[in-house]
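Observations on the three-dimensional arrangement
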Amino acid sequence: MTKLTYEHLRDAVAGGAVALRSSLNLQPAGGKGDKIFPPSYDSNAEHKYAVEKRRVEGSAEVADTVLLDSVASQANRAEQALLEGWERGELKFPVPYVDFADADGLTDYERLTVLEAPHRLADAIFRDSLLDGTLFRLSPVGQAITEATPRNATALFRYSPTALLFGQWDSTGPKGGRGSKFQRAYVSEIVGLDVSVGVKVGSRIDPLLVERVADEDKVFNHRDPREVWTTDPEEAETNKGKPVLASRHGTSGAPGQPSKINHGNIVPSIDAQAGGVTISQARQTTVISFAALRRLRFRGFDRDAEAAARTAVAALGVAAIAYQYELDFDLRSRCLLLPEHAPRLELLHRDGSAAEEVALDCDAAAEILAAAAAGADAAGMGWGTAEIRMVPAPKLIELLRRSRKAAASPAAE
């Protein structure tokens, strides 16, 4: 099998291939047939999972499938993989971030990077932060980002190239809904095949054997949130002069009963809506669209420079595939999947010929990214080297403090 190299990737992005595809088969860590738990969604259906019929590669039959990790979730995991490589110093590319280290009372946020923000560099978190003392959108970098479009993507490439890989819609910027949209070039998904939806059971035996209490013995919310509850009406939180019955969010039972303060038994029950699934196999499919990257233009640069920039973005996608594999597939509680093999990477050609299989690991991916960055720099399309460190604006700090205060209040319960 041919090892993927920078030269190979450069030629493919320049027109030698339409896309790079990675395929991976997985099984539950508990073994074939072990129950796993997909993401659940609000639904009026008989269960909360995204189940649908699909035609599966290699089979003429239509299979019942379940979504185990969506395109958006897979993009987030790929970004986390790139962040891991960047933090270890193995991958070098621009990563703007907001630093909360000096925000008194909010230091637990630590640092929020563009690879963690929901809307990437277009996120309101960056909009409401300061770069060199200026609101980000009013800074030279921010103004350049606002004006970037798929027909002139130079600024986004220089300051936040991952946005060109995973897509970005600048809907919170000065242009609102008319802000620029950048198509995803990296699309990945994990589905389970031949799904059978199950049930789960729940119960709890209280070792203190706390039972329901009479109406005159009900418990109340304590006026001091740290105390949580009280049996004394004189110590209770009041509403219009009356003590408020215990009614904590997320608990069962009637207000004022021990179950509302997490005491008492939980009656055995069966949950048929979110009871997990069994599958024959899980399959991850990842596609990096070179066709999408070739639609990106960089005004003022020649064709060779544009090709170098597109190759650098593709190299980020290659690194995301390799590093995500190394981070494993622990998707959520009770959904740990094990690969049955290393990712199968294929270059797909437009003439319908057989896909060209290539080999890749983290070391090779890091080498490809370094070479692609150097190639773009030599063509005059270098990534920004200055650190893009922002700090939260005072108004954002105040908003966060007010939000925390509200969340801690008895009313929030």
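So, a few notes on the structure that sits alongside this text. (Residues numbered from 1 in each chain as written. Predicted model: local features only at pLDDT ≥ 70, side-chain atom pairs only at ≥ 80, totals over all residues. Heavy atoms only, no water.)

**Examining the packing of aromatic side chains**
Aromatic ring pairs are defined here through the distance separating the ring centres and the angle between the ring planes. Summed over the entire model, instances satisfying the criterion amount to four aromatic pairs. Judged by centre distance (5.7 Å) and plane angle (45°), the ring pair of F157 and W383 falls under tilted. You can see F157 sitting in helix 5 (residues 154-159) and its partner W383 sitting in the loop between helix 9 (362-378) and strand 25 (389-392), a full 226 residues away along the chain. As far as burial versus exposure is concerned, F157 and W383 are alike and both buried. Taken together, a centroid distance of 5.2 Å and an interplanar angle of 65° make the contact between F166 and Y186 edge-to-face. Here F166 is found in helix 6 (residues 162-166), whereas its partner Y186 is found in strand 11 (residues 186-193), with 20 residues between them in sequence. By the burial criterion, F166 is buried, and Y186 matches it. These aromatic residues form a ring-pair network of at least three members: F157, F298 and W383. Note that R111 overlies the ring of Y97, its terminal NZ or CZ placed 5.5 Å from the centroid. The ring of W169 is capped by K181, whose NZ or CZ atom sits 4.3 Å from the centre of that ring. (Phe/Tyr/Trp six-rings, centres within 6.5 Å; stacked < 30°, edge-to-face > 60°. Helix = DSSP H or I, 4+ residues; strand = E, 2+ residues; numbered from the N terminus. Buried < 20%, exposed > 50% of the residue type's maximum accessible area, 1.4 Å probe, protein only. Lys NZ or Arg CZ within 6 Å of the ring centre and 35° of its normal.)

**What about the nonpolar core?**
In terms of nonpolar packing, the biggest core is built from 79 residues, with L20, F93, F157, L164 and F290 touching the most fellow members. With 14 residues, the single largest contributor to this core is helix 8 (residues 303-326). Residues contacting F290, with those up to four places away along its chain left out, are L9, A12, V13, A17, V18, A19, L20, A314 and L347. Within the second largest apolar cluster, 17 residues are counted, among which are L24, F37, A274 and V277. (Core = buried A, V, L, I, M, F, W, Y, C linked by side-chain atoms within 4.5 Å. Contact = heavy atoms within 4.5 Å.)

**Things to note about a nonpolar patch on the surface**
The grouping of V199, V201 and I270 at the surface amounts to a nonpolar patch, some 310 Å² of accessible area in total. Turning to its location among the elements, I270 is positioned in strand 18 (residues 266-271). (Patch = residues over 30% accessible without salt bridge, like charges linked within 9 Å, V, L, I, M, F, W, Y side chains within 5 Å. Areas by Shrake-Rupley, 256 points an atom, 1.4 Å probe, with all protein chains shown as cover. Salt bridge = Lys/Arg side-chain N within 4 Å of Asp/Glu carboxyl O.)

**Considering the environment of S171**
Within the element layout of this structure, S171 appears in the loop between strand 9 (168-169) and strand 10 (181-182). Exposure remark for S171: the relative accessible area of 26% places this residue in the partly exposed category. When residues no more than four places from it in sequence are discounted, the contact partners of S171 are G176 and G177.

**Points about helix 1 (residues 6-16)**
Within helix 1, burial applies to Y6, H8, L9, A12 and V13. Taken around the axis of helix 1, the buried residues stretch over an arc of 165°, which confines them to a single face. At its buried positions, helix 1 is contacted by strand 1 (2-3), helix 7 (290-294), helix 8, strand 23 (344-348), strand 24 (356-359) and helix 9. (Arc of directions from axis to C-beta.)

**Topic: the environment of V195**
When you line up the elements, V195 lands in the loop between strand 11 and strand 12 (196-197). Each C-alpha atom of the pair V195 and D123 lies 36 Å from the other, and the pair is 72 residues apart in sequence. Setting aside its immediate chain neighbours within four residues, V195 contacts V51, D64, T65, V66, V277, T278 and I279.

**Observations concerning the side chain of Q324**
By the secondary structure assignment, Q324 is in helix 8. Among the residues examined, Q324 registers a relative accessible area of 5% and is labelled buried. Setting aside residues up to four positions removed in sequence, Q324 forms contacts with Q74, R77, A81, Y186, Q284 and F329.

**Digging into the pattern of salt bridges**
Applying the stated rule across the entire model yields 22 salt bridges. The residue R389 makes a salt bridge to D102 at a minimum N-O spacing of 3.9 Å. Within this pair, whereas R389 is found in strand 25, its partner D102 is found in the loop between strand 5 (97-99) and strand 6 (111-113), the two being separated by 287 residues in sequence. In this structure R389 comes out as partly exposed when scored by relative accessible area, which is 30%. Sharing partners across several salt bridges, the network here consists of E52, R54 and E189.

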